[in-house]
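Listed below are the residues making up each chain.
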Protein chains: 2
Amino acid sequence: MVNNQGAQLDAVFHALADPTRRAIIARLAQAPCGISELAAPFDMTLAAISKHIKVLEGAGLLLRSIEGRNHTCRLDTGPMVGGMEWLRHYETFWNQRLDALVTALNAEDTTA
Amino acid sequence: MVNNQGAQLDAVFHALADPTRRAIIARLAQAPCGISELAAPFDMTLAAISKHIKVLEGAGLLLRSIEGRNHTCRLDTGPMVGGMEWLRHYETFWNQRLDALVTALNAEDTTA
DNA sequence: TTCATTGTCAACCATTTGGTTAAGTATAAT
DNA sequence: ATTATACTTAACCAAATGGTTGACAATGAA
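All values derive from a computational prediction rather than experimental measurement. (Residues numbered from 1 in each chain as written. Chains lettered and ligands numbered in written order. Predicted model: local features only at pLDDT ≥ 70, side-chain atom pairs only at ≥ 80, totals over all residues.)

1. What to know about the overall build of chain A
The helix and strand inventory of chain A stands at five helices and three strands. Traced from its N-terminal end to its C-terminal end, chain A shows the element sequence α-α-β-α-α-β-β-α. Against the compact-globule benchmark of 13 Å for 112 residues, chain A has a radius of gyration of 21 Å, which places it well outside the compact range. Buried positions account for 21% of the 112 residues belonging to chain A. Long-range pairs, those at least 24 residues apart, make up 56% of the contacts in chain A with a sequence separation of at least 6. (Helix = DSSP H or I, 4+ residues; strand = E, 2+ residues; numbered from the N terminus. Rg over C-alpha atoms; globule rule 2.2 N^0.38 Å. Buried ≥ 20, exposed ≤ 12 C-beta atoms within 10 Å, placed from the backbone. Contact = placed C-beta atoms within 7 Å.)

Set out below in C-alpha cells:
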C-alpha cells in the first residue's frame, strides 16, 4: 500500500509524457467527448488513439462511459494531484534553498 | 520555439516517470552527490545509474560538475516549473468545474 | 435485412527503455 | 610504475512503446 503510490506516480507521469495524450487531456478539459471526435484532429489511426486512451484510462486520468456504441470520455484530474504534490515538494525545497541563500548572503553582508 | 516547450515537457515528465530517477532526485534534494554515492542504495549496476543520470541531465533536472575523476551532481528544479504549470492549469480547471457545480447546486437549492 | 458507424482487439513492426557485462579512460594513491 | 577508484561507453538483451493494418463486434439507420 506504500509502493502503490509510486506506481500511481509512474503511471500518471508516463501518461503525461506524450504530446498526443496531453492534447487529448486538453481537449477533454473543454468538454466530454466521444472517441472518434477525440481522434479527428490527429494524423493517426483510430486504433492508435484507442491505445492512448487506454493509457490515460489506466492512469485514472480518463473515465469512460458507454452508451450503445458510443464511448464518452471525460477528464478526471484527481490523479494529477499526486504529481502536483510531488512537484510541489521540490518547489518548497527550492524556496527553502533560496531562503537559505538569502540568509547566508545577509549574514555575509552584516559580518563583512 | 513553440514546439520546443512540448519536447521539454515530454523530457521532464518522462524523466519523472521512473521510481529510480525520482529517488535520485529525492537524494539530490538533500545535498549534491557523487555518482557512486548516488548509486549505492540501488540494487543496480553503476552503468544503469549512469544512464538514469543522463536521462535526468537530458531533462535539465540534474547538473553535473566534474573535478578530476569525481562527478558531482546537483538538482536543478527549474525544469519542473513547466510541469507544475501544466498541472496547475488543470488544477484551476478542476476548481472552476467545482465552482460551477456549487453554483448550480445553489441555484437548484434556491429555485426548489 | 442490409448497410454504416463506433469502437475494440490481435498481430505485426520499428524504436526506445531499462537493465546487463565487459572493456576502456582518466585520475589518485602507493 | 603499479594498482585502485570513479566513471563512461559499447554491445547486447528482453520487454515496453507507439504506430500500422485487418478482422471483428455491436449498435443504429435505411
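The discussion continues.
2. Observations concerning the sheet that holds strand β1 (residues 33-34) of chain A
In sheet architecture, strand pairing relies on hydrogen bonds along the backbone and comes in two forms, parallel and antiparallel. Residues and elements named next belong to chain A. A sheet is described by the order of its strands in space; here three strands give the open sequence β1-β3-β2, paired in antiparallel fashion. Edge positions in the open sheet fall to β1 and β2 (62-67), since each of these has one partner strand only. Bridge count between β1 and strand β3 (residues 70-75): two bridges; the pairing is antiparallel. Across the sheet, the residue bridging to Cys 33 is Cys 73, located in β3. Those strands touched by helix α2 (residues 19-30) are β1, β2 and β3, and its axis lies near 90 degrees from that of β3. (Pairing = 2+ DSSP bridges. Axes fitted to C-alpha atoms, helices over the stretch in contact; angles between N-to-C directions.)

3. Considering the protein's contact with DNA strand D
In the neighbourhood of DNA strand D, 21 residues make up the surrounding shell, with Thr45(A), Gly68(A), Gly34(B), Ile35(B) and Ser36(B) lying closest. For the surface near DNA strand D, the secondary structure elements donating two or more residues are α4 (46-58) of chain A together with α3 (35-39), α4 (46-58) and β3 (70-75) of chain B. Element by element, the count of residues in the surface near DNA strand D is highest for α4(A), at five residues. Of the residues that constitute the surface near DNA strand D, the class distribution is seven nonpolar, 10 polar and four charged. (Near = placed C-beta within 6 Å. Nonpolar A, V, L, I, M, F, W, Y, C, P; charged D, E, K, R; others polar.)

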